[in-house]
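# A structural walkthrough
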Amino acid sequence: MTNTLWLSQSDYIHKVLKRFNMDNAKPISTPLLTTIQLLDRESPSTEEDRKLNGKIPYASVVGSIMYAMVVTRPDLVYAVGVVSRYMSNPGQKHWEAVKHILMYLRGTKDSLLTFGSNNATEVEGYTDSDYARNTDSRKSTSRYVFTYGGGAISWRSKLQECTTLSNTKVEYITTSDSAKEAVWLHQLSADFSAKR
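This write-up is about the structure you can find in this document. (Residues numbered from 1 in each chain as written. Predicted model: local features only at pLDDT ≥ 70, side-chain atom pairs only at ≥ 80, totals over all residues. Heavy atoms only, no water.)

For helix H5 (residues 92-108), spanning 17 residues, the distance from its first C-alpha to its last is 24 Å, which sits close to the expected 24 Å at 1.5 Å a residue. Tucked into the core, H5 has its buried residues touching helix H1 (10-19), helix H3 (58-71) and helix H4 (77-83). (Helix = DSSP H or I, 4+ residues; strand = E, 2+ residues; numbered from the N terminus. Expected span 1.5 Å × (residues − 1). Contact = heavy atoms within 4.5 Å.)

Turning to the pattern of salt bridges, a few remarks are in order. Applying the stated criterion to the full structure yields six salt bridges. One salt bridge in this structure joins Asp-130 and Arg-143, with 3.6 Å as the shortest N-O distance. Highlighted residues: Asp-130 in the loop between strand E3 (124-129) and strand E4 (141-148) and Arg-143 in strand E4, separated in sequence by 13 residues. In this structure, Asp-130 and Arg-143 share a single accessibility class: buried. Residue Lys-158 is joined to Glu-161 by a salt bridge in which the shortest nitrogen-to-oxygen separation is 3.3 Å. Residue class for Lys-158 comes out partly exposed when judged on its relative accessible area of 34%. It is possible to trace a salt-bridge network through shared partners that takes in Asp-128, Asp-130 and Arg-143. (Salt bridge = Lys/Arg side-chain N within 4 Å of Asp/Glu carboxyl O. Buried < 20%, exposed > 50% of the residue type's maximum accessible area, 1.4 Å probe, protein only.)

The strand order E3-E4-E5 describes an open sheet built from three strands, whose pairing is antiparallel. Two strands lie at the open edges of the sheet, namely E3 and strand E5 (151-159), each paired on one side alone. Taking the axes of each pair of neighbouring strands and ignoring which way they run, one obtains an average angle of 10° across the sheet. Relative to E4, E3 runs antiparallel, the two being bridged by six bridges. Paired with Gly-125 across the strands is Phe-146, a residue of E4. Against the sheet, helix H6 (residues 167-194) engages E3, E4 and E5, with an angle of about 30° to E4. (Pairing = 2+ DSSP bridges. Axes fitted to C-alpha atoms, helices over the stretch in contact; angles between N-to-C directions.)

Okay, structure coming up:
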């Protein structure tokens, strides 16, 4: 196919899986199960437990996954956002969630970010949010992805800064954040078009 660009990190992901002994893990189809609810209270509370969990390479694994997420894997953004909240004091359930992401990567390591695979010449955006899914803070998460030419060009998943009292307010905040990104991308696209 002409005029198509593929970006892949399959070699990098293979190295990450091998480094953390997950290269033979059973592949799974989702980066984070919707039934998983990670909580602050699942973090170790005693010094002895913290020392035991200190031997787990939690921050190193999350950082390695985060690199893949930032460069070519928008499908990881929500899951990485959730597990990265516990970097300073991860518990066993948090570690299991990280291993779940690695198992997902094992099954999708050859996934590509593709541009130019369709005739879309406009920036398209998609938004989503949840209502108070974080049970520790009762905060909601805003998510968006923007595509151009069939490939994702901008993505984000972020815990909202305030606690809202209704789903309508959550959607309003998500839409507002997404609209700011859409305006910026529209202007960027117009600038590129003007320079042709």
